[in-house]
Amino acid sequence: MNATLPADLIETLARLLGPRGFTADPADMRPWLTDWRGRITGAAAALLSPVDAAETQAIVRLAARAGVPIVPQGGNTSMVAGATPDASGRALILSTRRMRAIRSLSPEDNVAVAEAGVILSDLHDAAEAQGRRFPLSLAAKGSATIGGLVSTNAGGTQVLRFGTMRALLLGIEAVLPSGELFDGITALRKDNRGYDLRQLLAGAEGTLGIVTAASLRLVPAAAARAVAWAGLDDPRDALALLRRMEGQLGDAIESFEIVPAEALRLVLAHVPGTRAPLEDSHPWNLLIEATAPASAPDPREAITAALAGAIEAGFVRDATVAANEAQADALWKLRESVSEAERVDGIAAKHDVALPVSAMPRFLIEGAREVEQRFPGVRVLAFGHLGDGNVHFNVRAPLGADDRAWLAAEGATISAFVHDLVGSEGGSLSAEHGIGQTKLAEFVRTASPARIGALKAIKAALDPAGIMNPGKLLP
Ligand code: FAD
Ligand code: 2HG
Ligand code: ZN
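Let me sum up the structure you'll find in this document. Fair warning: this is a prediction, and the values are worked out from it, not measured in the lab.

**A few points about the coordination of the zinc ion (ligand 3)**
Piece 1. Listed as protein donors to the zinc ion (ligand 3) are His385 (NE2), His392 (NE2) and Glu432 (OE); their distances from the metal cover 1.9 to 2.1 Å.
Piece 2. For the zinc ion (ligand 3), the donor residues sit on a single chain with the sequence spacing H-x6-H-x39-E. Each member of the pair His385 and His392 is classed as buried.

See below:
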């Protein structure tokens, strides 16, 4: 335990939370000290797991009085080490693992109220049991929590139709850095009482308080879905295909994801139970999903017709439409396993970039070419949410190189190069993962003084002692 912590703080916390809510045992804490990507390992004085907002308030008050930092943590699936403490050992990790209740789920209001620690797939299941759907999904759905998804304003694979978490967030309950409870849980669709604290806390990455619950918008369950996989030569054809299909299927299209041949190869090599979806390999692949309500025709027919037309018109080389749910899941597994397969393959310099949708296909080709020319031997692996203008433009080490040593030596220069390319096109260096600690230096380097100044002023007003997740999002 770190000597600079007030002597009685740890004892008071242990008494307050009891053995189920408190541990300072290094073995218990170890899995929660390293980020999902395995890049950063920190240290903590204790891991606290309050059972409700009242216990969370008590923790925050004690920490504020002692000036001790708190690192909120949900499923620890952050792609930017946002939930990983620094190495000082002073921080208290506040885990939401014991706040797992779905307080209510109303089909009439189309609203669910979920506590921060509810796992995303559990909310999916609960909504489905009531004929409803929470339309935000991502590959980490088995671990990522509502609190983490709100705090990162998560995106995922249905943003094209339903937007990011902010668009689905109706209300929020949070413990502010003062220890006060902001009770903003509501089913209201309209509420104009001044500054929107709900949206301020969304995407704040735990720097402005601890989200303890959220009220979330639901939509009717889809009666049918069509999931297709298409192979093509050029990402420019993908964009043309999307616009064409929108004309044919309207807003039924929910997902339009791009996977290059190399990403598919990694998945097939490293993820058991996967198999190639098409006979031949194609330079680029698309995973497309469309849904329909019970009153509409089966979306499989519409998607099959649209893809047949696209093959005839030369946009698409080959395609398959899942005939049943098992096949649909198998296609999704190929897309959702890319991060895992890439992680097994080695560590990469990751970039989560956004550009206007129309600029993305060219960037995929020319951006990759520029990076590979400037840093000979590196291998760009770009995949993701093409329909949203957001790809994960990851740069892998030259073959045979020690990837960790390479990342330590070259990572910062490569990331600056990538982000400058993105910036020159009016893009963003964080489309959906947030800033955390791994993007902090680049955020500060590239953001305008006005943006950083305003963020710092908000932070200073709400968290004057700077106890909430220091070292993340802001310098
Ligand atoms: P954590 O990782 O625990 O925390 C994330 C951040 O939120 C940290 O800054 C933490 O301090 C803060 N935080 C957590 N809980 C709270 C709380 N209750 N109150 C205040 N702050 C809190 N993200 C996407 O947007 N789209 C994707 O498609 C996507 N795909 C992914 C796929 C994989 C395989 C993985 C591993 C991650 C993916 N992510 C994606 C990133 C990640 O899943 C999301 O950022 C998710 O929102 C994090 O949820 P979590 O519960 O794991 O949060
Ligand atoms: C995805 O879209 C995630 O699969 C992870 O956002 C991206 O691993 C990545 O870079
Ligand atoms: Zn993503």
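**Side note on the packing of helix α9 (residues 235-249) against helix α14 (residues 360-374)**
Piece 1. Look at α9 against α14: their axes get within 8 Å of each other, and the N-to-C directions meet at 170°. As summarised for this structure, α9 and α14 are arranged roughly antiparallel, according to the angle between their axes. Seen from α9, the contacting residues are Pro235, Arg236 and Leu239; seen from α14, they are Pro361, Leu364 and Ile365.
Piece 2. A class-by-class count of the residues in the contact of α9 with α14 yields five nonpolar, no polar and one charged.

**Some thoughts on the site of ligand 2**
Piece 1. In the vicinity of ligand 2, the contacting residues are Met79, Arg335, Ser339, Lys350, Phe383, His385, His392, Asn394, Glu432 and His433.
Piece 2. For ligand 2, an oxygen atom lies 3.1 Å from a polar atom in the side chain of Asn394.
Piece 3. About the coverage of ligand 2: the protein hides 90% of its 300 Å² of free accessible area.
Piece 4. Looking at the shell around ligand 2, the elements with two or more residues in it are β18 (379-385) and β19 (390-396).
Piece 5. Per-class residue counts for the shell around ligand 2 are two nonpolar, five polar and three charged.

**Considerations on the pattern of salt bridges**
Piece 1. The tally for this structure, following the rule as stated, stands at 25 salt bridges.
Piece 2. Notably, a salt bridge pairs Arg225 with Glu289, separated by 3.2 Å at the nearest N-O pair. Placement of Arg225 in strand β12 (residues 224-232) and of Glu289 in strand β14 (residues 284-292) is noted, with a sequence separation of 64 residues between them.
Piece 3. Its relative accessible area of 5% is what places Glu289 among the buried residues.

**Some details on a nonpolar patch on the surface**
Piece 1. A cluster of nonpolar side chains, namely Leu197, Leu200 and Ile458, defines an oily patch on the protein surface of about 200 Å² accessible area.
Piece 2. One can find Leu200 in helix α8 (residues 197-201).

**Things to note about the site of ligand 1**
Piece 1. In the region of ligand 1, 35 residues are neighbours, and Pro72, Gly74, Thr77, Ser78 and Thr145 sit closest.
Piece 2. Gly156 places a polar main-chain atom, nitrogen or oxygen, 3.3 Å from a nitrogen atom of ligand 1.
Piece 3. A distance of 3.0 Å is found between a nitrogen atom of ligand 1 and a side-chain nitrogen or oxygen belonging to Glu432.
Piece 4. Compared with its free state, where it exposes 970 Å², ligand 1 has 97% of that area covered by protein.
Piece 5. When residues of the shell around ligand 1 are traced back to their parent elements, those giving at least two are β3 (70-73), α5 (146-151) and β10 (210-217).
Piece 6. If one sorts the elements of the shell around ligand 1 by residue count, α5 sits on top with four residues.

**Some points on the packing of aromatic side chains**
Piece 1. For the coordinates displayed, the defined rule picks out two aromatic pairs.
Piece 2. Where Phe363 meets Phe393, the ring centres are 5.0 Å apart and the plane angle is 45°; that geometry is what we call tilted. Note that Phe363 is positioned in helix α14 and Phe393 in strand β19, a separation of 30 residues in sequence. This pair shows no difference in class: Phe363 is buried, exactly as Phe393 is.
Piece 3. Geometrically, the ring pair formed by Phe375 and Phe417 is edge-to-face, given 5.5 Å between the ring centres and 85° between the ring planes. Of the two residues, Phe375 is situated in the loop between α14 and β18 and Phe417 in helix α15 (residues 403-424); the sequence distance between them amounts to 42 residues.
Piece 4. Exposure remark for Phe417: the relative accessible area of 22% places this residue in the partly exposed category.

**Digging into the nonpolar core**
Piece 1. Core analysis: the biggest nonpolar cluster contains 50 residues, and Leu241, Leu286, Ile288, Val371, Phe393 and Val395 have the highest contact counts within it.
Piece 2. Listed in part, the 28 residues of the second largest apolar core include Ala127, Phe134, Ala202 and Leu216.

**Some thoughts on the sheet that holds strand β9 (residues 181-184)**
Piece 1. Pairing is antiparallel in the open sheet, where five strands are placed in the order β5-β6-β10-β8-β9. With one partner strand each, in any of the chains shown, β5 (102-106) and β9 form the two edges of the open sheet. The average angle at which neighbouring strand axes cross in this sheet is 15°, direction not considered.
Piece 2. Judged from the four bridges that link them, strand β8 (residues 169-175) and β9 form a sheet pairing that is antiparallel. Within β9, the position partnered with Ile172 by the bridge is Gly184.
Piece 3. Where helix α3 (residues 53-66) meets the sheet, its contacts fall on β8, β9 and β10, and the angle it forms with β8 comes to roughly 50°.
Piece 4. Across the face of the sheet, helix α4 (residues 120-129) comes into contact with β5, β6 (111-115) and β10 while running at roughly 40° to β5.

Calculation rules
- Residues numbered from 1 in each chain as written.
- Chains lettered and ligands numbered in written order.
- Predicted model: local features only at pLDDT ≥ 70, side-chain atom pairs only at ≥ 80, totals over all residues.
- Heavy atoms only, no water.
- Donors = N, O, S within 2.8 Å, 3.2 Å for Na, K, Ca; no water.
- Buried < 20%, exposed > 50% of the residue type's maximum accessible area, 1.4 Å probe, protein only.
- Axes fitted to C-alpha atoms, helices over the stretch in contact; angles between N-to-C directions.
- Helix = DSSP H or I, 4+ residues; strand = E, 2+ residues; numbered from the N terminus.
- Parallel < 35°, antiparallel > 145°, perpendicular 65-115°, else oblique.
- Contact = heavy atoms within 4.5 Å.
- Nonpolar A, V, L, I, M, F, W, Y, C, P; charged D, E, K, R; others polar.
- Near = heavy atom within 4 Å.
- Polar contact = N/O pair within 3.5 Å; in protein donor to acceptor, adjacent residues only side chain to side chain.
- Areas by Shrake-Rupley, 256 points an atom, 1.4 Å probe, with all protein chains shown as cover.
- Salt bridge = Lys/Arg side-chain N within 4 Å of Asp/Glu carboxyl O.
- Patch = residues over 30% accessible without salt bridge, like charges linked within 9 Å, V, L, I, M, F, W, Y side chains within 5 Å.
- Phe/Tyr/Trp six-rings, centres within 6.5 Å; stacked < 30°, edge-to-face > 60°.
- Core = buried A, V, L, I, M, F, W, Y, C linked by side-chain atoms within 4.5 Å.
- Pairing = 2+ DSSP bridges.

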